[in-house]
Amino acid sequence: MSKNEKYSHESYLEYQGKYKGIWGWLFSTDHKRIGLLYLYSIAFFFVVAAILGLLIRIELIAPGPTIMDAQTYNGLFTVHGIIMIFIVVIPGLGAVFGNFFLPIMIGAKDVAFPRLNLLSWYIFILGAILAVASQFAGGGAPDTGWTFYVPYSSTSSTNVIFALTAAFILGFSSILTGINFIVTIHRLRAPGMGWFKMPLFPWSLYATAWIQVLATPIVGITLLMVIAERVLQIGFFDPALGGDPLLFQHLFWIYSHPAVYIMILPAMGVVTEIFPTFSQKPVFGYGAIVISSIAIAAVGYFVWGHHMFTTGISYWSRWFFSFLTFIVAIPSAIKVFNWISTMYGGSIDLKTPLLYAISFIFLFMIGGFTGLTLGALATNVHLHDTSFVVAHFHYIIFGGMGFAFFAGIHYWYPKMYGRMYNIKLANIAWGVLFTGFNVLYFPLFIIGIQGMPRRYFDYLEQFHTGHFISTIGAIILIIGIFMMLFNLIYYRHRGAVAPSNPWKGVTLEWQIESPPTHENFEEIPEIKTPPYLFKKES
Amino acid sequence: MENKTHISSYESHGRVLISLLLLTMLSVLVTWMEFGVFTIAVALTVASVKAFIVLTWFMHLKFESNFIRWMVAGVFVLFTLVLIITFIDYFFR
């Protein structure tokens, strides 16, 4: 099809409901429009936080002050962390692709509670604005790091209360989305779609939603307790007031470790959709992937203490958490085995989504193995609070969730907008991004092992080379990100019209128009076959 | 899906209200007693009984399917496990 042609049907993008123009977006309860509202807001905050990250790296290009003072640096890494974790990474995949594709993939017209869905977005925006405002208001940017560890967070004179309130509000958005997804999956699956005929991305969202609902309230109340401690001087965590700082760490990580799985499970779900499509082969070990998702969600709930090995928690606690940390690696490894086996012997089409998905495996594996290094009690003592940890979690979170997000946007973009992006440019952007990512983060493993502490504004000359290479990597990475964004934004209106099934996928979203109509399906489909049956099998 | 509506009687709501008030008084009373290492266990037991009453009658769990009941039970199991694991630290520190 030529570039100037337009699809003939009326899609959700043109649909005129009760409200027109911008109001048709801000008051829309259509899950697809809400998905895009999340996409644009999360993309905006991602760029803001990525630029903050670049500034952090530029500051660290040489020892001593370079472009900012130490207090500004503390504020920057805190706000970078808060935005990335609470606004981008935790909601990211679920809020954008979950909202857009969950109902379609299970054969529904919308989520179970469309108005609640829109409310979740407004709550999200309120929390996000507050988080960014904390950077500028009154006492200066919060300088506690995104973990808000007490007793410092209960005494710091910066805008900690602002940031805590922001994280508390963002938590509500997450809980409401989780409830919505659970009910949607329970109640709105198409006739014939039993649990084990459901595609694997919805499965991953289901496992994630339970963590969102069960874990998020804990951090919410914990952050409120810190506010109460600061404002009312109630001694929960501050030893000076009779509190216990380790209690804060327990409560914080009871949520924040499962939060890693809130980030990574949907990421695994996205790539699990991509591998069969670009291998034209059913997913290998459907049941094993489902069970491993649930196992990761379940076991991942009980490993929080591995963030606390050096804090003085009991010997038996350390033993227990270390043991479970190693256990959780098993279902993760099962998934990797399944993805590779899905590609094995397949008709591989190395398009951009698959490139991102394969790099997801590569980066996630590095992040996972270094996670085991940190999960082992002896090595943890040496590596705790070094830049090794920074590299590890960026490999997991950015290399995992981030690359899966990029894989997802390149996979579903034709369906979301009805246009194709420039595949050649997308592949080049992937190459730049992948190179920049590794040049940025890999040296941090090495200087971390050598003893470079994390969160330090200044460092010894022996770490200079590592930091210098890392900063060069950051610049390459940012170039890659902007190349990717340019491609996606420029071809949004100028790209060739996308067919309904450009990648020859077999799940339900590929059986409807690109972009989908307002109600997705003219008739709710009846499901008779498993989700990943390709032509030669069916 | 069931379309029946279950409306509890005023009498049963009244009994729940009185139970909750009595248990709240108990929660306050036990703070004056010394239970040593069991202080938290006692407080949590009273709170759990209150939660059970609220879930069962006020939140209509009594009238829901077994599937929903098991899901709620699962949440309690999870909560208990989290507490036990946390206290592996506190008891053996």
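The rules behind these values
Residues numbered from 1 in each chain as written. Chains lettered and ligands numbered in written order. Predicted model: local features only at pLDDT ≥ 70, side-chain atom pairs only at ≥ 80, totals over all residues. Heavy atoms only, no water. Helix = DSSP H or I, 4+ residues; strand = E, 2+ residues; numbered from the N terminus. Rg over C-alpha atoms; globule rule 2.2 N^0.38 Å. Buried < 20%, exposed > 50% of the residue type's maximum accessible area, 1.4 Å probe, protein only. Contact = heavy atoms within 4.5 Å. Areas by Shrake-Rupley, 256 points an atom, 1.4 Å probe, with all protein chains shown as cover. Lys, Arg positive; Asp, Glu negative; His and termini not counted. Charge placed at Lys NZ, Arg CZ, Asp CG, Glu CD. Salt bridge = Lys/Arg side-chain N within 4 Å of Asp/Glu carboxyl O. Axes fitted to C-alpha atoms, helices over the stretch in contact; angles between N-to-C directions. Parallel < 35°, antiparallel > 145°, perpendicular 65-115°, else oblique. Left-handed = near helix turned anticlockwise from the far one by under 90°. Nonpolar A, V, L, I, M, F, W, Y, C, P; charged D, E, K, R; others polar. Core = buried A, V, L, I, M, F, W, Y, C linked by side-chain atoms within 4.5 Å. Buried area = accessible area lost by both parts, 1.4 Å probe. Polar contact = N/O pair within 3.5 Å; in protein donor to acceptor, adjacent residues only side chain to side chain. Expected span 1.5 Å × (residues − 1).

On to the overall build of chain A, then. Along its length, chain A carries 16 helices and zero strands. Its C-alpha atoms give chain A a radius of gyration of 23 Å, near enough to 24 Å, the size a compact globule of 538 residues would have. Counting only C-alpha atoms, chain A reaches 65 × 45 × 45 Å along its principal axes. Each of the 538 residues in chain A was classed as buried or not, and the buried ones make up 61%. Residue pairs at least 24 apart in sequence account for 81% of intrachain contacts in chain A once pairs closer than 6 positions are excluded. Accessible surface for chain A amounts to roughly 19900 Å². Of this, 69% is attributable to carbon and sulfur atoms. Here chain A holds 28 positive side-chain charges and 23 negative ones, and the gap between their average locations is 8 Å.

Let's shift gears to the pattern of salt bridges. In total, this model carries seven salt bridges over all chains according to the counting rule given. Notably, a salt bridge pairs arginine 93 of chain B with aspartate 244 of chain A, separated by 3.9 Å at the nearest N-O pair. Of the two residues, arginine 93 of chain B is situated in the segment after helix H3 (66–92) and aspartate 244 of chain A in the loop between helix H8 (200–232) and helix H9 (245–279); the pairing between them involves two chains. For arginine 93 of chain B, a relative accessible area of 44% gives the class partly exposed. The salt bridge partner of glutamate 11 of chain B is arginine 15 of chain B, with a shortest N-O separation of 3.0 Å. With glutamate 11 of chain B and arginine 15 of chain B both in helix H1 (residues 10–30) and four residues apart, this pair spans about one turn of that helix.

Residue and element names in this part refer to chain A. It is the contact of helix H14 (residues 387–417) with helix H15 (residues 423–449), at a shortest axis distance of 8 Å, that shows an interaxial angle of 165 degrees. Considering their axes alone, H14 and H15 lie roughly antiparallel with respect to each other. Our pair here, H14 against H15, has a crossing hand that is left-handed. Counted by class, the contact of H14 with H15 contains 18 nonpolar, seven polar and no charged residues.

The biggest cluster of nonpolar side chains holds 189 residues, and the ones touching the most others in it are Phe86, Phe97, Phe148, Phe360, Trp412 and Met416 of chain A. At 21 residues, the largest contribution of residues to this core is made by H9 of chain A. Residues within four places of tryptophan 412 of chain A in sequence aside, it is in contact with Phe97, Phe101, Met105, Phe201, Val270, Glu273, Glu509 and Trp510 of chain A. Residues Val16, Leu20, Val46 and Ile53 of chain B belong to the second largest nonpolar core, which totals five residues.

This paragraph deals with unusual backbone geometry. Residue and element names in this part refer to chain A. The step from valine 150 to proline 151 runs through a cis peptide bond, and the omega angle for that step is 0 degrees. Relative to the helices and strands, proline 151 resides in the loop between helix H5 (114–133) and helix H6 (152–155). For the peptide bond that leads from serine 514 to proline 515, omega is -15 degrees, which places it in the cis range. On the secondary structure map, proline 515 appears in the segment after helix H16 (464–494).

Right, let's get into the interface of chain B and chain A. Contact residues are listed per partner, giving 14 residues for chain B and 19 residues for chain A. Of the roughly 1500 Å² buried between chain B and chain A, counting both surfaces, carbon and sulfur atoms make up 77%. One can count six residue pairs in polar contact (both at pLDDT 80 or more) joining chain B with chain A. Per-class residue counts for the side of chain B that touches chain A are eleven nonpolar, one polar and two charged.

What follows concerns helix H2 (residues 39–58) of chain B. Residue and element names in this part refer to chain B. Between its first and last C-alpha, H2 extends 28 Å over 20 residues, near the 28 Å set by a 1.5 Å rise per residue. Turning to H2, the residues buried within the fold contact H1 and H3. Histidine 60 lies just past H2 and shows a positive phi near 65 degrees.

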